[in-house]
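Observations on the three-dimensional arrangement
Each chain is listed here by its residues.
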Amino acid sequence: KAQIEQSAAAVRVLEAQVEYATIRAPIPGIISAVSTQAGETVAAGLNSPVFVIIIDLRKLQVDAFVDET
């Protein structure tokens, strides 16, 4: 019984670690750029680090200059 409880506690610890490692986007969209690589250490200081750039295709606006010819 003690081994089962110890294993269950280890599973809870690992689940918490995975939860801390998961980054969830606050909006739906498509990832257009990734500024960090897997395994790279990032630190949050006074400025929030940018991990990815997400484009919301429902609100996408394209500004283009078209030649008259």
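Relevant structure appears above.
One structure accompanies this document, and this report is about it. (Residues numbered from 1 in each chain as written. Predicted model: local features only at pLDDT ≥ 70, side-chain atom pairs only at ≥ 80, totals over all residues. Heavy atoms only, no water.)

**Notes on the overall build of the protein chain**
A count of helical and extended segments in the protein chain gives one helix and two strands. Along the protein chain, from the amino end to the carboxyl end, the secondary structure elements read α-β-β. Taking 69 residues into account, the globule formula puts the C-alpha radius of gyration at 11 Å, and the protein chain, at 21 Å, lies well above it. Split into buried and exposed, the 69 residues of the protein chain put 3% on the buried side. (Helix = DSSP H or I, 4+ residues; strand = E, 2+ residues; numbered from the N terminus. Rg over C-alpha atoms; globule rule 2.2 N^0.38 Å. Buried < 20%, exposed > 50% of the residue type's maximum accessible area, 1.4 Å probe, protein only.)

**Remarks on the layout of surface pockets**
Considering only enclosed or pocket space, the largest pocket measures out at about 180 Å³ in volume. Taken together, I23, R24, A25, P26, I27, P28, G29, I31, F51, V52 and I54 form the lining of the largest pocket. Here the lining of the largest pocket is composed, by residue class, of nine nonpolar, one polar and one charged. (1 Å grid on protein atoms, 1.4 Å probe; cavity = no way out; pocket = protein on both sides within 12 Å on 5 of 7 lines; lining within 4 Å. Points joined across faces, edges and corners; volume = space filled by probe spheres on them. Nonpolar A, V, L, I, M, F, W, Y, C, P; charged D, E, K, R; others polar.)

**Considerations on the environment of R24**
By the secondary structure assignment, R24 is in the loop between α1 (2-21) and β1 (30-34). For R24, a relative accessible area of 57% gives the class exposed.

**Examining the pattern of salt bridges**
By the definition in use, this model includes one salt bridge. Residue D56 pairs with R58 through a salt bridge whose shortest N-O separation is 3.2 Å. With a relative accessible area of 14%, D56 lands in the buried category. Its relative accessible area of 66% is what places R58 among the exposed residues. (Salt bridge = Lys/Arg side-chain N within 4 Å of Asp/Glu carboxyl O.)

**Quick look at the side chain of D56**
Note on placement: D56 falls in the segment after β2 (52-55). Beyond its immediate chain neighbours, meaning those up to four positions away, D56 contacts P28 and G29. (Contact = heavy atoms within 4.5 Å.)

**Remarks on a nonpolar patch on the surface**
Together, I30, L57, L60 and V62 give the surface a local cluster of nonpolar side chains, amounting to about 420 Å² of exposed area. Tracing the sequence through the fold places V62 in the segment after β2. The exposure class assigned to V62 is exposed, which follows from its relative accessible area of 66%. (Patch = residues over 30% accessible without salt bridge, like charges linked within 9 Å, V, L, I, M, F, W, Y side chains within 5 Å. Areas by Shrake-Rupley, 256 points an atom, 1.4 Å probe, with all protein chains shown as cover.)

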